[in-house]
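Analysis of the macromolecular model
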Amino acid sequence: MTSTDQLALLDTVLAKAKSAGADAADAVIGSSISLSVGERLGAKEKLERAESQDLGLRVFVGKRQAIVSTSDFTKASVEELAARAVAMAKAVPEDPFCGLAEPGQLAKDWPRLDLCDTAEPSEALLTELVRAAEDAARGVKGVTNSEGAEAGYGRSDVAIAASNGFEGAYASSHFGLSVSVLAGEGTGMERDYDYSSTVYLADLDDPVRLGKSAGERAVRRLNPRKAKTAVVPIIFDPRISNSIVGHLVGAINGAGIARGTSFLKDHLNKDVFAPGIDIIDDPHRQRGLRSRPFDGEGLPTTQAKLIDNGRLTMWLLDCRSARQLGLVSNGHASRGTSSPPSPSPANVHMAAGKISREKLIGEIKQGLYVTELIGSGVNGVTGDYSRGAAGFWIENGVLAYPVSEVTIAGNLKDMFKAITPADDLVFKYGTNAPTLRIDGMTLAGA
């Protein structure tokens, strides 16, 4: 279906909902295509293609709401969908905070963000990428086995319409390439990986370079040692430093703030990070992995500093969480076809610092450079942080030897204020950060 066809169908669905007794309604259509290819040791292990389309309808009867969804777009199904949704809404308890956005809040126009590569790749092309990446990884001296390589493509088309007057649609695409290999023999084997994820095929990392990187990473991890328990500076490699920013994003989600379940619930407009730290949410980045022209409730999206010179400036809000907090939505609603909108970020990054990665490491007498995190031991209510880690021991400013089977721990409130970012920010993921140094963390080892 074209976007025009999708919006026409949504108009019909909304009209049916109003006829069935809804006071207000919104509806969304999501359609997707995906293709993925995987190989291991030169033999094909995976070939999958999927297509789907779903329609979700949310209706309001007073302060009651209900959501239903279907993949059947026939006239009879649409009529039944509307009737069922209204009947469900009449039977559920009232929610004083539910409802559509006010017409004055809605996006009237939006930017073009170059989010869709219209050329669908062939199976043969994805296979070439996979084979080149795995061959390059296996060609690294010391690599002895492979967990395989995989390449994938996806396209999503989204259309939203609501009885408050909003109508909008856009398409986005996604390409990915990953490879994982093992080095060493017997019980001394180590695994590592590399991957690339982009909106356009042309922007994917070179598969040979990607594979070589994965192989070299695995070899560097051979013969790891255990570090002794100590309080030391921790350096987070850019591949995993974005997880620290991710913990902030989770802690400022408006739904959690409204429930009082975030360790930052009382920190709005207070210093949360060290002076000089900026964290930006940018939904308008061209070809951004999480860019969006408008949010899931039809509100405009804008770039915003979540952290400005260390200070927390805002919550991530949709309409419902904003009403709970006595605020106004700031365009962070995201939704699917079978669930109500909820707050979510777009492209988030921590701004680069002014110190090089080499100097950040070079100033450390003893510490740990972390390249992999294991487990999910983070308490969003208290901020307590404890995760398994692997990486390299820093001795007199130099990466001395690989380390594994250690745990790093602290509290995110303290960690945020102890962060020093390097100047090596690269936009590679949906959430990005440069190399980060956090002083005073506890390392639990031998």
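Quick note: structure is the one above.
Residues numbered from 1 in each chain as written. Predicted model: local features only at pLDDT ≥ 70, side-chain atom pairs only at ≥ 80, totals over all residues. Heavy atoms only, no water.

1. What about the sheet that holds strand S10 (residues 311–312)?
On the basis of which strands lie adjacent, the open sheet formed by five strands has the order S10-S9-S8-S13-S18 and mixed pairing. Every other strand in the sheet has two partners, leaving S10 and strand S18 (431–432) as the edge strands with one partner each. (Pairing = 2+ DSSP bridges. Helix = DSSP H or I, 4+ residues; strand = E, 2+ residues; numbered from the N terminus.)

2. Examining the side chain of Asp 318
Within the secondary structure layout, Asp 318 lies in the loop between S10 and helix H7 (319–324). Buried charged residue Asp 318 carries no salt bridge. Nearest counter-charge: Arg 320, at 7.1 Å. In contact with Asp 318, not counting residues within four places along its chain, are Glu 297, Ser 329, Ala 333, Pro 341, Ser 342 and Pro 343. (Buried < 20%, exposed > 50% of the residue type's maximum accessible area, 1.4 Å probe, protein only. Lys, Arg positive; Asp, Glu negative; His and termini not counted. Salt bridge = Lys/Arg side-chain N within 4 Å of Asp/Glu carboxyl O. Contact = heavy atoms within 4.5 Å.)

3. Here's the deal with the nonpolar core
For soluble globular proteins, the rule of thumb is that nonpolar side chains tend to be buried together. Of all hydrophobic cores here, the largest spans 49 residues; its most connected members are Phe 236, Phe 273, Ile 279, Ile 408 and Phe 416. With six residues, the single largest contributor to this core is helix H5 (residues 238–251). Those residues in contact with Phe 273 that sit more than four places away from it in its chain are Leu 248, Ile 279, Ile 307, Gly 310, Met 350, Phe 416, Lys 417 and Ile 419. Membership of the second largest hydrophobic core comes to 25 residues, among which are Ala 17, Ala 25, Ile 29 and Ala 66. (Core = buried A, V, L, I, M, F, W, Y, C linked by side-chain atoms within 4.5 Å.)

4. What to know about the environment of Pro 238
Here Pro 238 is to be found in helix H5. Not counting the four nearest positions on each side in its chain, Pro 238 is found in contact with Tyr 369, Asp 424, Tyr 429, Ala 433, Pro 434 and Thr 435.

5. Points about helix H1 (residues 3–19)
With 17 residues, H1 ought to run about 24 Å at 1.5 Å a step, and its terminal C-alpha atoms sit 24 Å apart, in line with that. The inward-facing, buried residues of H1 contact strand S1 (24–40), strand S2 (43–61), helix H2 (75–91), strand S4 (143–162) and strand S5 (167–183). Backbone geometry just after H1 places Gly 21 at a positive phi near 115°. (Expected span 1.5 Å × (residues − 1).)

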